[in-house]
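What the coordinates show
The lines below spell out each chain.
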Amino acid sequence: MCQLMDPATTTAPMQNDCETESSSLWSWWPSWSPTSMSLLKTAESKILACIQNNIWARFVTLPSQDRIWTLSVNKAASKPAEQASKTPLVMVHGFGGGVGLWIRNLDALSCSRTVHAFDLLGFGRSSRPHFPSEAAKAEEQFVNSIEQWRQSVGVENMILLGHSLGGYLATSYAIQHPSRVSHLILVDPWGFPERAKPQTNESQDTEVVKRMSPPRWVKVIASVVSLFNPLAVIRAAGPWGPGLVNRFRPDFKRKFEDLFDDDTMTQYIYHCNAQNPSGEVGFRAMSETLGWAKRPMLQRVHLLPPSMPVSMLYGARSWVDSSSGDRVTEIRGQAHTRVLLINHASHNVHADEPEQFNQVVEEICQSVD
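Residues numbered from 1 in each chain as written. Predicted model: local features only at pLDDT ≥ 70, side-chain atom pairs only at ≥ 80, totals over all residues. Heavy atoms only, no water.

Within the protein, the regular secondary structure consists of 16 helices and eight strands. With 369 residues in all, the protein has 53% of them scored as buried. Within the protein, contacts between residues at least 6 apart in sequence are counted, and of these 76% link residues at least 24 apart. (Helix = DSSP H or I, 4+ residues; strand = E, 2+ residues; numbered from the N terminus. Buried < 20%, exposed > 50% of the residue type's maximum accessible area, 1.4 Å probe, protein only. Contact = heavy atoms within 4.5 Å.)

Written out as structure tokens, the structure reads:
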């Protein structure tokens, strides 16, 4: 099991490491829900104690004064200049997640190059500003924050990896800032396919493709997303919220049970999402009922530079349909696009099969430099 780290020796001094303030509109939530940014910080610290390589954790302040919680991880190398010269890997988490969910990947992937991971604006420990209700504007706010983060950190070029919602936003970023992306890695990306149209009588004879049924937690979220913010049920449950996460996401405890013999990971997930909603408001603005994107990425993927390498990794047991990857290959051509299935993995590919995931991502990184 992991031991709690000593911040004085494992991280660089943090600048203004205070908690992100809640807006007055939602200031009453902590009195009902057993959560706070301080509790989130505590849960995350226990997770980050597992990292063996050098880690620098800090808030990166954007021109808007919003702050992005950021981890930079690298290994003390005999030739630090050689490691510093390699293109960094930037990892973008999915909906409702945070940097802690990369715990099985950060050490392995930072052995040969620096790895940056950050909490998306509106999620985790990052600032939680207002998001517009229009899909295009909400997406633009996410993408602009990633570009401002890049400028603030001083990254010139990057291997950009995004999981789920992070994959959608990473693709949008690569379309708008192609010169900054050396290779785009999409892991079980959300928001690519167009919403299926209702079948007509004429299409009843068409062959029906069987798909894996979404897990129960996906159906629960889908049932409330059209009426409320997607994770409103966690906040509405108040003191029963942590138990609700344990009940509907027991898989998170199982995925990390060799690292933690308690509820560390589900507590982390709870505290990430029991705060005042912000990023999920942006997500709701971008999504249709049942989680379809209002602006499907398949309609825009042709805007990626034809020469930009794109690798799409799907869990073989995921509820996300990997046929979108095949469609991307058809649109862009096979020369610079490839689709890989990770055996035995579900949606959280990086946590389900970390060794295989890390090996594939490392090979991709080595192909860059």
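From this point, the narrative continues.
On to unusual backbone geometry, then. Unlike most non-glycine residues, Q65 shows phi in positive territory, near 80°. Here Q65 shows up in the loop between β1 (54-61) and β2 (67-74). One non-glycine residue, H344, lies in positive phi territory at about 70°. If you trace the backbone, H344 turns up in the loop between β8 (337-342) and α15 (349-352).

A few words now on the confidence of the model for the protein. Within the protein, residue pLDDT values average 83, and 74% of them lie at 70 or more. Contacts for the low-pLDDT stretch residues 18-30, under 50 throughout, to residues beyond four places or in other chains number 21 contacts. (pLDDT = per-residue confidence, 0-100.)

With that out of the way, let us pick up the nonpolar core. Looking at soluble globular proteins, one finds that nonpolar side chains tend to be buried together. One finds L89, M91, L161, Y268, F357 and V361 to be the most contacted residues of the largest nonpolar core, which totals 45 residues. Each residue touching M91, except ones within four places of it in the same chain, is listed here: W102, N105, L106, L109, V115, H116, A117, F118 and L161. Of all hydrophobic cores here, the second largest spans 44 residues; its members include V92, A138, L169 and Y173. (Core = buried A, V, L, I, M, F, W, Y, C linked by side-chain atoms within 4.5 Å.)

The first and last C-alpha atoms of helix α3 (residues 37-48) sit 16 Å apart over 12 residues, in line with the 16 Å expected at 1.5 Å per residue. By the burial criterion, the buried members of α3 are M37, L40, A43, E44, I47 and L48. Within α3, the buried residues cover an arc of 135° as seen down the axis, which keeps them to one side. Residues of α3 that are buried in the fold lie against β1, β2 and α12 (264-273). (Expected span 1.5 Å × (residues − 1). Arc of directions from axis to C-beta.)

Now for the packing of aromatic side chains. Going through the model one piece at a time under the given rule, you end up with eight aromatic pairs. A cation over an aromatic ring shows up here: R58 above the ring of W56, its NZ or CZ 3.8 Å from the ring centre. Of note, R125 hangs over the ring of W69, and the distance from its end group to the ring centre comes to 3.9 Å. (Phe/Tyr/Trp six-rings, centres within 6.5 Å; stacked < 30°, edge-to-face > 60°. Lys NZ or Arg CZ within 6 Å of the ring centre and 35° of its normal.)

What the eight strands build is an open sheet, ordered β1-β2-β4-β3-β5-β6-β7-β8; its pairing is mixed. Strands at the two margins of the open sheet, each flanked by one partner only, are β1 and β8. For this sheet, the mean inter-axis angle between neighbouring strands, taken without regard to orientation, is 20°. Here helix α7 (residues 165-176) sits on the sheet and contacts β3 (89-92), β5 (158-163) and β6 (181-187); the angle it forms with β5, its principal contact strand, is near 145°. Where helix α16 (residues 354-368) meets the sheet, it contacts β3, β5, β6, β7 (310-315) and β8, and its direction lies at approximately 165° from that of β6. (Pairing = 2+ DSSP bridges. Axes fitted to C-alpha atoms, helices over the stretch in contact; angles between N-to-C directions.)

On the secondary structure map, H163 appears in strand β5. Expressed as a C-alpha distance, the spacing of H163 and G97, which sit 66 residues apart in the sequence, is 9.8 Å. Sequence-distant contacts of H163, defined by excluding residues within four places in its chain, comprise V92, H93, G94, W102, V187, D188, H347, N348 and H350.

For the rest of this paragraph, the subject is the environment of L341. Tracing the backbone through its elements, the reader meets L341 in strand β8. Between the C-alpha atom of L341 and that of Y314, which follows or precedes it by 27 residues, the distance is 4.9 Å. The contacts of L341, once residues within four sequence positions are left out, are Y314, S322 and Q356.

The next point concerns the pairing of β3. Going residue by residue along β3, you find L89 and M91 tucked away on one face and V90 and V92 tucked away on the opposite face as well. Where β3 meets strand β4 (residues 115-118), four bridges bridge the pair, whose relative direction is parallel. By the bridge assignment, V90 is partnered in β4 with H116.

On inspection of all chains with the given rule, the structure shows one cavity of 30 Å³ or more. Considered as a void within the structure, the largest cavity measures approximately 30 Å³ in volume. Along its surface, the largest cavity is lined by G122, F123, R128, C272, N273, P277, S278, G279 and E280. Here the residues of the lining of the largest cavity sort into three nonpolar, four polar and two charged. (1 Å grid on protein atoms, 1.4 Å probe; cavity = no way out; pocket = protein on both sides within 12 Å on 5 of 7 lines; lining within 4 Å. Points joined across faces, edges and corners; volume = space filled by probe spheres on them. Nonpolar A, V, L, I, M, F, W, Y, C, P; charged D, E, K, R; others polar.)

What follows deals with the pattern of salt bridges. Under the definition given, this model contains 11 salt bridges. Put simply, D369 and R113 hold a salt bridge, and the shortest N to O gap is 2.7 Å. Of this pair, D369 sits in the segment after α16 while R113 sits in the loop between α5 (106-109) and β4, and the two are 256 residues apart along the sequence. On the accessibility criterion, R113 (0% relative accessible area) is buried. Residue E330 pairs with R327 through a salt bridge whose shortest N-O separation is 3.0 Å. You can see E330 and its partner R327 sitting in helix α14 (residues 323-332), three residues apart, about one turn around the helix. (Salt bridge = Lys/Arg side-chain N within 4 Å of Asp/Glu carboxyl O.)

Here we come to the pairing of β5. When you tally the buried positions in β5, you get six out of six residues, the bulk of the element. Here β5 shows a buried face lined by M158, L160 and G162 and a second buried face lined by I159, L161 and H163. Inspection of the sheet shows β3 paired to β5 by four bridges, in the parallel sense. Bridge assignment links L89 to a residue of β5, and that residue is I159. As judged from the six bridges shared by β5 and β6, these two strands associate in the parallel manner. Looking at the pairing, M158 lines up with V181 of β6. At this point the chain moves from β5, through α7, to the parallel β6, and the crossover so formed is right-handed. (Right-handed = clockwise from strand over helix to strand, strands pointing away.)

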